[in-house]
Amino acid sequence: METLNNLFLIIAEAIRSLFADPHSVWANLTMNVINFIIVVIIVVLAALILILLERKVAGWTSQRPGPNRLGPRGWFQTIADALKLMGKEDVTPAGADKFIFKVAPMIIFCLPMMTLAVIPYGRNMAPINLDLGIFYFVGISSISTLCFLMAGWGSNNKYSLLGGMRAVAQMISYEIPLLFSLLGVVMITQSFNLGVIVEAQSTVPFIILQPLAFVIFFIAGLAELNRAPFDLVEADQEVVAGPFTEYTGLRWGLFFLGEYGNMTAMSALAATVFLGGWQGPAFLPGYVWFFMKVGVMIFMMMWVRWTFPRIRIDHLMHLAWKFLLPLAILNILLTGLGIYIYRFVMGG
Amino acid sequence: MSIEKTEELILNMGPQHPSMHGLFRMVVHLEGETITHIDPKLGYLHRGMEKLAESRTYSQFIPYTDRLDYLASPHNNWAYVQTVEKLMGVEIPERAEYLRIIFGELARIASHQVCIASTALDMAGWSAWSYAFRDRERICDMYEMTAGSRLTVNIMRIGGMIAEPPEEFWPALRSFLDDTPEMLEEYYGIFFGNEIAMGRLKNVGILTKEMAENLSITGPVLRASGVDYDVRKAEPYSIYDRFDFNVPVRTGCDSYDRTIIRLDEIVESIKIIKQALRDIPDGPIMAKVPKVIKPPVGEVYHRVENPKGELGFYIVSDGTTKPSRLRIRPATFINLQMLSIVAKGWKIQDVVAIFATLDAVLGEVDK
């Protein structure tokens, strides 16, 4: 069991021991490259599975079978879709700002890999163990706002522009409650390091201590990811496909990959900060627990998407500024009081 | 930094746009996302129905009426054949009248289900959409049993009905009626009772009673503005005077009431069908009409309550086998007038919702 739990660490040690000096620059560089490749695989695999899962969940909530033709129960559908996307013509609109138009999907595809690199997948299994983990994560994920704006502006399309502008308004507003909801946890653990935060949840996950923060995080996270009911950016009934309207083929596919990658990253953060990360009963290895928790979060997001209608744009802003933000600040206050009382009682 | 002057954005929505319900096009003038002016452009589905009628015999025109409001085709058949019957002075058998009531009300339910579904879909309520369409399938099955087709049913003839419903039709109808309360509860639970949907629809797109009357709005849209007017009660046609039902009226004047009033109407339709099932007599379903239909010289106007509003046919006969002139008064074409007036000042999102609540069918709008 212990071996299984530390399987990846043992493999990593084995690779390091191939070098004369296991902690030389070259060994570290090799390990980083390997870690990076693993993260890329996680993102691509997650997108492949999630796209199918999304359609299956959509079918389930709306009482129809979903994709069921290709392969066993339709499980090869995404592969066929991906192949089809690769075969599509790559169109750049004549009036587009070509550089911005082409760069936007590349950047958005990089973001989930950058954020997923600091997540601890198991004990000591963070590809990069960063002391400012949460800070880094939120900072990087907010770059996606810029990508939406670039895509919206660069396409030179009115629908894209409207979608891009919506993205900026929405994502900047929701970043604040998102970050504030994480602060309660940071106050308790006194660390931005995600590994430390997971270690602190060995007895009780923070969803029990910070239920309000979890709800705020979930709502703000949905809005940050442009998932329904906050999918105003790509609302097909209003702005056709928002910033993605002019994209075709693989460029569009990159946006799609980025979207699902970001969704995985946000779920991973939720699992790490609130659900106890890789902590769990010992009969399963830590990383299995971790991915199960991520799966639960992703399923919740899909469930919400296919059930709720889309929110109105002014209600969206009211929700962020008049409701979530005061609640998040209240949560910080309550957490501070709780910590103070705890220390007082414990005689600290 | 100086404050830059903003520029008006002119956005062309449609005819190929995900929420334009067919081939509707509107040119929207935007200040940010707020609408300052809407220019509806019609005619992308114009097939010249009225002109076509002049070169078809009276019976040959019945299938064309199916293609008007294709979500409630029995109603269009009904309005047209009744107009011709009125012109000719034909009395149709009792059983045929009851069957027309049953199919007409089924069509009303189906049409309202599509309205609820598409309104939900225009707000990304995907599950609500598929719930409503799932239940509408059962009505389509019943059409298919009787007439052989599911959408453009073409079920009525001048003088009666095309066919007697088969044996399996009656149990299917009864079980459908029994299941309806549960269905409506589901629609309410997944869509109308949802906080977000209420926020999207309530107090959005106010159409006051005066505006509605001045614009000669009809149907559920009018009744949601607090006007108690229904052709079935105001000028009972067919045998509607024998049935006990209410005309649902709501006073919200907003998008929410325009949509949810259709749930109330489904309840009333169920009531009517149940009474029809109780009272339906045996007998022939076709009156004795001549093989070649040749109405006397004259003109006639007849109107019925289509699920979307008042549908009227005006026919001028010159005594030949073909109408000399045929004019259609479409319900949604006239209801659409309100869009550019009501939607001003709302956001793009709300215009999509307001347009959905009008339940426009472009087949009828463009004729």
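**A closer look at the overall build of chain A**
Phase 1 of the analysis: Counting its secondary structure elements, chain A contains 15 helices and 0 strands.
Phase 2 of the analysis: The globule rule puts the C-alpha radius of gyration for 348 residues at 20 Å, and the 21 Å found for chain A is close to it.
Phase 3 of the analysis: Summarising its shape, the C-alpha atoms of chain A cover approximately 65 × 55 × 45 Å along the three principal directions.
Phase 4 of the analysis: Across the 348 residues that make up chain A, the buried fraction comes to 45%.

**Quick look at the sheet that holds strand β1 (residues 9–13) of chain B**
All names here are of chain B.
Phase 1 of the analysis: Strand order in the open sheet made by the 3 strands is β1-β2-β3, with antiparallel pairing throughout. A strand with exactly one partner marks an edge of an open sheet, and here the two such strands are β1 and β3 (34–41). Taking the axes of each pair of neighbouring strands and ignoring which way they run, one obtains an average angle of 20° across the sheet.
Phase 2 of the analysis: In the sheet, β1 pairs with strand β2 (residues 25–31) via 5 bridges, with the strands oriented antiparallel. By the bridge assignment for β2, N12 is matched with V27.

**Section: the confidence of the model for chain A**
Phase 1 of the analysis: Here chain A shows a mean pLDDT of 85. Residues at 70 or above account for 99%.
Phase 2 of the analysis: Looking at the elements of chain A, mean pLDDT is at its lowest for helix α1 (residues 2–5) of chain A, recorded as 71, and at its highest for helix α11 (residues 211–224) of chain A, recorded as 89.

**Quick look at the packing of helix α3 (residues 73–88) of chain B against helix α4 (residues 94–121) of chain B**
Residues and elements named next belong to chain B.
Phase 1 of the analysis: Between α3 and α4, the shortest axis-to-axis distance is 7 Å and the interhelical angle comes to 135°. Between α3 and α4, the angle is such that the two are oblique. Across from S73, P74, H75 and W78 in α3, the residues of α4 making contact are R100, F103, G104 and A107.
Phase 2 of the analysis: Here the contact of α3 with α4 is composed, by residue class, of 4 nonpolar, 3 polar and 1 charged.

**Quick notes on the interface of chain B and chain A**
A common way to report how large an interface is uses the accessible area buried once the components associate.
Phase 1 of the analysis: Each side of the interface is counted separately: chain B has 25 residues, and chain A has 24 residues.
Phase 2 of the analysis: Looking at the side of chain B that touches chain A, the elements that each hand over two or more residues are β1, α5 (126–147), α7 (195–201) and α14 (348–358) of chain B.

**As for α3(B)**
Quick reminder: α-helices carry 3.6 residues per turn. Residues three or four places apart thus point the same way.
Phase 1 of the analysis: An ideal rise of 1.5 Å per residue puts 22 Å on 16 residues; α3(B) measures up with 23 Å between its terminal C-alpha atoms.
Phase 2 of the analysis: With 15 of its 16 residues buried, α3(B) lies for the most part within the structure.

**Things to note about helix α15 (residues 313–346) of chain A**
All names here are of chain A.
Phase 1 of the analysis: Taking 1.5 Å of rise per residue, the 34 residues of α15 would be expected to cover 50 Å, and the 47 Å separating its terminal C-alpha atoms lies within 8% of that figure.
Phase 2 of the analysis: The largest bend along α15 measures about 35° and falls at L319.
Phase 3 of the analysis: Every buried residue of α15 is accounted for by L316, L319, A320, L324, A328, N331 and T335.
Phase 4 of the analysis: Buried positions along α15 lie against α8 (158–189) and α11.
Phase 5 of the analysis: Directly beyond the C-terminal end of α15, a positive phi value near 75° is found at G347.

**Examining the confidence of the model for chain B**
Phase 1 of the analysis: Here chain B averages 87 in pLDDT, while 99% of its residues score no lower than 70.
Phase 2 of the analysis: In the predicted complex, the global pTM is 0.86; the interface-specific ipTM is 0.81.

**Brief notes about the sheet that holds strand β8 (residues 323–329) of chain B**
All names here are of chain B.
Phase 1 of the analysis: Pairing is antiparallel across the open sheet formed by 3 strands, whose spatial order is β6-β7-β8. Strand pairing shows two members of the sheet lacking a second neighbour, β6 (298–306) and β8, which therefore form its edges. Strand-to-strand twist of the sheet, defined as the mean angle between neighbouring strand axes without regard to direction, takes the value 15°.
Phase 2 of the analysis: As defined by bridge partners, β6 adjoins strand β7 (residues 309–317) across 9 bridges and the pair is classed as antiparallel. Looking at the pairing, E299 lines up with V316 of β7.
Phase 3 of the analysis: Against the sheet, α3 engages β6 and β7, with an angle of about 150° to β6.

**Some words on the environment of W78(B)**
All names here are of chain B.
Phase 1 of the analysis: Structurally, the position occupied by W78 is in helix α3.
Phase 2 of the analysis: Since 25 C-beta atoms lie within 10 Å of it, W78 is described here as buried.
Phase 3 of the analysis: Linking W78 and M161, residues 83 residues apart in sequence, is a C-alpha distance of 9.8 Å.
Phase 4 of the analysis: Here W78 is in contact with R100, G104, M156 and V304, once residues within four sequence places are set aside.

**A few points about the nonpolar core**
Phase 1 of the analysis: Membership of the largest hydrophobic core comes to 195 residues, with the highest contact counts inside it found for F217(A), A270(A), L106(B), A128(B) and Y187(B).
Phase 2 of the analysis: Counting residues per element, this core draws most heavily on α4(B), which supplies 16 residues.
Phase 3 of the analysis: Apart from residues lying up to four places away in sequence, A128(B) is in contact with A117(B), A120(B), Y187(B), I190(B) and F191(B).

Procedures and definitions
Residues numbered from 1 in each chain as written. Chains lettered and ligands numbered in written order. Predicted model: local features only at pLDDT ≥ 70, side-chain atom pairs only at ≥ 80, totals over all residues. Helix = DSSP H or I, 4+ residues; strand = E, 2+ residues; numbered from the N terminus. Rg over C-alpha atoms; globule rule 2.2 N^0.38 Å. Buried ≥ 20, exposed ≤ 12 C-beta atoms within 10 Å, placed from the backbone. Pairing = 2+ DSSP bridges. Axes fitted to C-alpha atoms, helices over the stretch in contact; angles between N-to-C directions. pLDDT = per-residue confidence, 0-100. Parallel < 35°, antiparallel > 145°, perpendicular 65-115°, else oblique. Contact = placed C-beta atoms within 7 Å. Nonpolar A, V, L, I, M, F, W, Y, C, P; charged D, E, K, R; others polar. Expected span 1.5 Å × (residues − 1). Bend = angle between axes of the 7 residues up to and from the residue. Core = buried A, V, L, I, M, F, W, Y, C linked by C-beta atoms within 7 Å.

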